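Results of the structural survey
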Amino acid sequence: MQPILRLFDFSQKVDYRIEILAGLTVAMTMIPESLSFAILAGFPPLVGLYAAFIMGLVTAVLGGRPGMVSGGAGATAVVLIALMQSHGLEYVFAAVALAGVLQIIIGIFKLGKFIRLVPQPVMFGFVNGLAVIIFMSQIEQFKTVVNGEVSWMSGTPLYIMAGLVALTIAIIILLPKVTKAVPPSLVAIIVVFAIVFGFGIDTKIVRDIASVSGGFPPFHIPEVPLTMEMLQVIFPYALIMTGVGLTESLLTLNLVDEITGTRGNGNRECVAQGSANLLNGFFFGMGGCAMIAQTLVNLSAGARARLAGIVAAFTILLIILFGGPIIERVPMAALVGVMIMVAFGTFEWISFKIINKMPRHDVFVGILVAVITIWLHNLALAVLIGVIIAALVFAWESAKRIRARKYVDNQGVKHYEMYGPLFFGSVAAFTEKFDVPNDPQEVIIDFKESRVADMSGIEALNKLTERYHKAGKKLHLKHLSPDCLVLLKNADQVIDVNILEDPNYAVMGD
């Protein structure tokens with residue numbers, strides 16, 4: 001009998017040295033990104049570190065994919081920027097908790113497969129818009145406060161900031177060509193930190209943004225009114241965070257499956273991600289999802305078990321507890337450089353190569369999602385609009401595919417052999433194909449290569465039946481699939497048609 005809850009597979013051989021070293025490396029790469037994404041979204045930096053700890057630990061223990069790493073990811077943080085700006089941090093925590101509940105429900109009811117309904121052009125637009133937002137937000141770090149007013153840096157402070165950012169980017173680009181033994185972003189931060197600290201350079205540091213020192217994540221019930229108005233505010237953000245988070249996580253899970261030659265459990269991962277986000281909402285975290293870059297770092301270091309993720313999470317907690325004073329002195333230029341490279345890595349450059357090969361409506365959807373994302377900083381609205389437009393385009397294209405082959409047999413019966421789905425979008429084209437006044441006394445509509453998809457199709461058949469009945473003619477339906485027969489049975493109070501039973505032909509779908 002399979003155990004109900006199996007957190008670890010103790011039959012798996014674990015190399016503890018590799019797992020521990022991989023976990024330490026992952027923690028060092030996750031800290032700068034978590035800090036940067038929190039600052040990007042306007043959250044206190046500590047909120048990003050708490051998210052990295054909670055997401056990393058819960059998903060490492062409960063997740064459906066050993067070796068996969070989760071944390072405070074930029075994709076989910078950016079979704080919440082507009083909510084943070086309009087309603088504040090408490091609403092963000094409420095939205096994160098609600099997203100966690102939705103993800104748990106999706107996992108329990110095994111609905112993770114429906115994440116595939118988000119079209120690829122929408123994902124391209126979302127990712128590219130996200131990359132632009134990340135890049136543009138780094139420009140804001142070149143502002144400073146002078147006499148209580150925010151203004152752009154100029155003179156020596158600007159040159160110092162720009163030089164340190166350029167140095168960070170150069171190290172991240174060039175170091176992998178020399179060695180891949182250490183994370184380039186971590187080395188870049190350490191080098192820039194050492195230069196600034198060693199030479200006493202006066203530049204913007206993390207402490208100028210907010211304090212990082214803290215204790216264990218505190219239990220905190222989001223201080224929001226328990227009203228329908230509040231739910232209406234947070235639900236769109238929670239819904240998009242759910243979709244974006246699970247899409248990132250399930251895509252990462254599939255990638256790890258390919259790399260390791262093993263198979264993960266997507267629905268279990270949904271429950272783990274949801275549990276972690278629910279805890280984030282009540283323990284001062286900004287939420288998150290799987291992090292592809294950190295997962296690849298973990299796998300390249302040789303980790304294949306859950307231990308590396310657990311080590312990474314507790315390393316982050318120790319840094320929160322004891323390393324705050326050091327983290328607070330990290331130059332913002334180093335984090336800006338890291339995030340600029342994250343933005344370049346996030347952007348789907350391949351979308352430029354295939355833009356001439358994509359259908360025009362797909363190109364339009366992708367560009368529209370990206371523009372809305374960049375213009376309004378509202379990923380929730382951008383993704384929803386993208387999915388709706390893509391669905392409408394699909395419906396329009398499918399509607400054009402319905403057609404009919406017509407002929408009269410030896411008995412004088414006219415046959416309409418239908419091709420393509422009969423649904424709300426194709427009803428008009430379907431109706432136009434019949435010549436009721438000039439048709440013979442008996443007509444057969446053959447659905448062998450078609451199907452009735454919805455109640456609009458049922459109503460179209462009902463109206464067509466009435467037209468033939470008023471003309472004193474008989475209408476038969478042939479080769480209906482079982483699901484179409486169920487629809488007709490459920491609608492027997494609405495429609496009255498003759499279903500032709502033909503023993504010589506199998507019903508479509510049998």
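Just above, that's the structure.
The following paragraphs examine the structure supplied in this document. Quick caveat: nothing in here was measured; it's all calculated off a predicted structure. The numbering scheme is per chain: residues are counted from 1 as the chain's sequence reads. Given that this is a predicted model, residues contribute local features only at a pLDDT of at least 70 and side-chain atom pairs are listed and counted only at 80 or more, while totals for whole chains, interfaces and linings are drawn from all residues. For the side-chain quantities, the full set of heavy atoms in the structure was used; hydrogens and water were omitted.

Attention now moves to the packing of helix H1 (residues 16-41) against helix H12 (residues 307-322). Note on geometry: axes are lines fitted to C-alpha atoms, helical ones only across the stretch in contact, with angles between N-to-C directions running from 0 to 180 degrees. Strands are runs of DSSP state E lasting at least two residues, helices are runs of H or I lasting at least four, and both sets are numbered from the N terminus onward. For the pair H1 and H12, interaxial distance at closest approach is 7 Å and the crossing angle is 45°. For the element pair H1 / H12, the angle class is oblique. Pair H1 / H12 crosses with right-handed handedness. When H1 is examined against H12, the residues Tyr 16, Glu 19, Ile 20, Ala 22, Gly 23, Leu 24, Val 26, Ala 27, Met 28, Met 30 and Ile 31 are found in contact with a partner set consisting of Leu 307, Ala 308, Val 311, Ala 312, Thr 315, Ile 316 and Ile 319. Note that the term roughly parallel is reserved for angles under 35 degrees, roughly antiparallel for angles over 145, roughly perpendicular for angles of 65 to 115, and oblique for everything else. Crossing handedness: left-handed means the near helix sits turned counterclockwise from the far one by under a right angle, and right-handed means the same turn made clockwise. Should any heavy atoms of two residues lie within 4.5 Å, those residues are counted as being in contact.

Let's shift gears to the packing of aromatic side chains. Stacked, tilted and edge-to-face pairs are distinguished by plane angle, under 30 degrees for stacked and over 60 for edge-to-face with tilted covering the rest, among Phe, Tyr and Trp rings (Trp via its six-membered ring) whose centres lie within 6.5 Å. On inspection of all chains with the given rule, the structure shows 13 aromatic pairs. Ring plane angle 65° and centroid distance 6.0 Å describe the contact between Phe 53 and Phe 314, whose orientation is recorded as edge-to-face. Here the residue Phe 53 occupies a position in helix H2 (residues 45-62), and Phe 314 occupies one in helix H12, the gap between them amounting to 261 residues. Here the term buried applies to any residue with accessible area under 20% of the maximum for its type, exposed to any over 50%, and partly exposed to those in between, with areas from a 1.4 Å probe on protein chains only. Its relative accessible area of 9% is what places Phe 53 among the buried residues.

Moving on, we come to the environment of Ala 27. Here Ala 27 lies in helix H1. With a relative accessible area of 0%, Ala 27 lands in the buried category. Between the C-alpha atoms of Ala 27 and Ala 52, which are 25 residues apart in sequence, the distance is 8.8 Å.

Below, the discussion takes up the state of the cysteines. Any cysteine sulfur atom paired with another within 2.5 Å is treated as part of a disulfide. By the definition in use, this model includes 0 disulfides. Cys 270 takes part in no disulfide bond, and the closest cysteine sulfur to it belongs to Cys 289, at a distance of 12 Å. By relative accessible area, which is 0% here, Cys 289 ends up buried.

Here the focus is the nonpolar core. Generally speaking, nonpolar side chains in soluble globular proteins are found buried as a group. Among buried residues, the Ala, Val, Leu, Ile, Met, Phe, Trp, Tyr and Cys ones that are joined through side-chain atoms within 4.5 Å form a nonpolar core. Counting 99 residues, the largest nonpolar core has Phe 37, Phe 43, Leu 80, Val 92, Phe 126, Met 286 and Ile 316 as the members making the most contacts within it. Core analysis: the second largest hydrophobic core is formed by 20 residues, Met 418, Phe 434, Ile 458 and Ala 460 among them.

So, about a nonpolar patch on the surface. Patch members must show over 30% relative accessible area and no salt bridge, and they are joined within 9 Å when carrying like charges or within 5 Å when they are nonpolar side chains of Val, Leu, Ile, Met, Phe, Trp or Tyr. Shrake-Rupley sampling with a 1.4 Å probe provides the accessible areas, and residues are treated as covered by the protein chains on show and by no other component. Each reported salt bridge corresponds to a side-chain nitrogen of Lys or Arg within 4 Å of a carboxyl oxygen of Asp or Glu. Taken together, the side chains of Phe 135, Met 136, Ile 139, Trp 152, Phe 344, Trp 349 and Phe 352 define a hydrophobic patch exposed on the protein surface, amounting to about 740 Å² of accessible area. Take the nonpolar patch: its biggest share by element is 3 residues, from helix H6 (residues 120-139). Relative to the assigned elements, Trp 349 resides in the loop between helix H14 (332-346) and helix H15 (350-354).

Here we come to H12. Helical geometry: 3.6 residues make up each α-helical turn, so side chains three or four residues apart lie on a common side. In this scheme, a helix's expected span is set at 1.5 Å multiplied by one less than its residue total. Between the first and last C-alpha of H12 there are 22 Å, a value that for 16 residues agrees with the 22 Å anticipated at 1.5 Å per step. Of all the positions in H12, only Ala 308, Gly 309, Ile 310, Val 311, Ala 312, Ala 313, Thr 315, Ile 316, Leu 317, Ile 319 and Ile 320 are classed as buried. The secondary structure elements touched by the buried residues of H12 are H1, H2, helix H11 (292-300) and helix H13 (324-327).

This next bit is on unusual backbone geometry. If you check the backbone angles, Lys 110 has positive phi at about 55° while not being a glycine. Looking at the secondary structure, you find Lys 110 in the loop between helix H5 (89-108) and H6. Positive phi outside glycine occurs at Phe 284, with the angle close to 65°. Tracing the chain through its elements places Phe 284 in the loop between helix H10 (266-282) and strand E4 (289-290).

Next up on the list: the packing of helix H9 (residues 228-260) against H10. A pair of packed helices is captured by two measures, namely the crossing angle of their axes and the spacing between those axes. Orientation of H9 relative to H10, taken along the N-to-C sense of each, is 135°, at an axis distance of 10 Å. Between H9 and H10, the crossing angle belongs to the class labelled oblique. In the packing of H9 onto H10, the handedness of the crossing is right-handed. Here Met 241, Leu 246, Ser 249, Leu 250 and Leu 253 of H9 lie close against H10, whose contacting residues are Gly 266, Glu 269, Cys 270, Gln 273 and Asn 277. Per-class residue counts for the contact of H9 with H10 are 5 nonpolar, 4 polar and 1 charged. Polar here means any residue outside two lists: the nonpolar Ala, Val, Leu, Ile, Met, Phe, Trp, Tyr, Cys and Pro, and the charged Asp, Glu, Lys and Arg; Gly therefore counts as polar.

Before going further, it helps to examine the side chain of His 220. Within the secondary structure layout, His 220 lies in the loop between helix H8 (184-199) and H9. What qualifies as a polar contact is a pair of N or O atoms within 3.5 Å, subject to a donor-acceptor requirement within protein and to the restriction that residues adjacent in sequence count only when both atoms come from side chains. Within polar-contact distance, the side chain of His 220 engages the side chain of Glu 90 at 2.8 Å. Residues contacting His 220, with those up to four places away along its chain left out, are Glu 90, Phe 93, Gly 281, Phe 282 and Phe 284.

Our next topic: the environment of Cys 289. When you line up the elements, Cys 289 lands in strand E4. Separated by 39 residues in sequence, Cys 289 and Leu 250 have C-alpha atoms that sit 9.7 Å apart. In this structure, Cys 289 is in contact with Met 55, Ser 70, Gly 71, Ala 73, Thr 76, Gly 245, Glu 248, Ser 249 and Gln 273, ignoring residues within four places of it in sequence.

We now examine the environment of Ile 201. Along the polypeptide, Ile 201 turns up in the loop between H8 and H9. Linking Ile 201 and Val 311, residues 110 residues apart in sequence, is a C-alpha distance of 34 Å.

Turning next to the pairing of strand E8 (residues 474-478). Burial analysis of E8 places 4 of its 5 residues in the buried class, which makes it a mostly covered element. Pairing between two strands is assigned when DSSP locates at least 2 bridges connecting them. Alignment of strand E7 (residues 442-452) against E8, held across 5 bridges, turns out to be parallel. Directly across from Ile 444, in E8, lies its bridge partner His 476. Here is how to tell: hold the view so the strands point away, follow the path from the first strand over the helix to the second, and if it runs clockwise the crossover is right-handed. Crossover connection from E7 via helix H19 (residues 455-470) to parallel E8: handedness right-handed.

With that out of the way, let us pick up the side chain of Gln 294. Turning to its location among the elements, Gln 294 is positioned in helix H11. On the accessibility criterion, Gln 294 (2% relative accessible area) is buried. Sequence-distant contacts of Gln 294, that is, excluding residues within four places in its chain, are made with Val 26, Thr 29, Met 30, Glu 33 and Val 69.

Applying the stated rule across the entire model yields 4 salt bridges. A salt bridge links Arg 65 to Asp 257; its shortest N-O distance comes to 2.6 Å. In this pair, Arg 65 is assigned in the loop between H2 and strand E1 (70-71) and Asp 257 in helix H9, connecting sequence segments 192 residues apart. The buried category is assigned to Arg 65, whose relative accessible area is 7%. When its relative accessible area of 13% is taken as the criterion, Asp 257 is described as buried. Note that Asp 439 and Lys 414 form a salt bridge whose closest N and O atoms lie 2.9 Å from each other. Of this pair, Asp 439 sits in the loop between helix H18 (427-432) and E7 while Lys 414 sits in strand E6 (residues 414-422), and the two are 25 residues apart along the sequence. In terms of burial, Asp 439 and Lys 414 fall into one category: buried.

Keep in mind that these numbers describe shape and distance, not what the molecule does.
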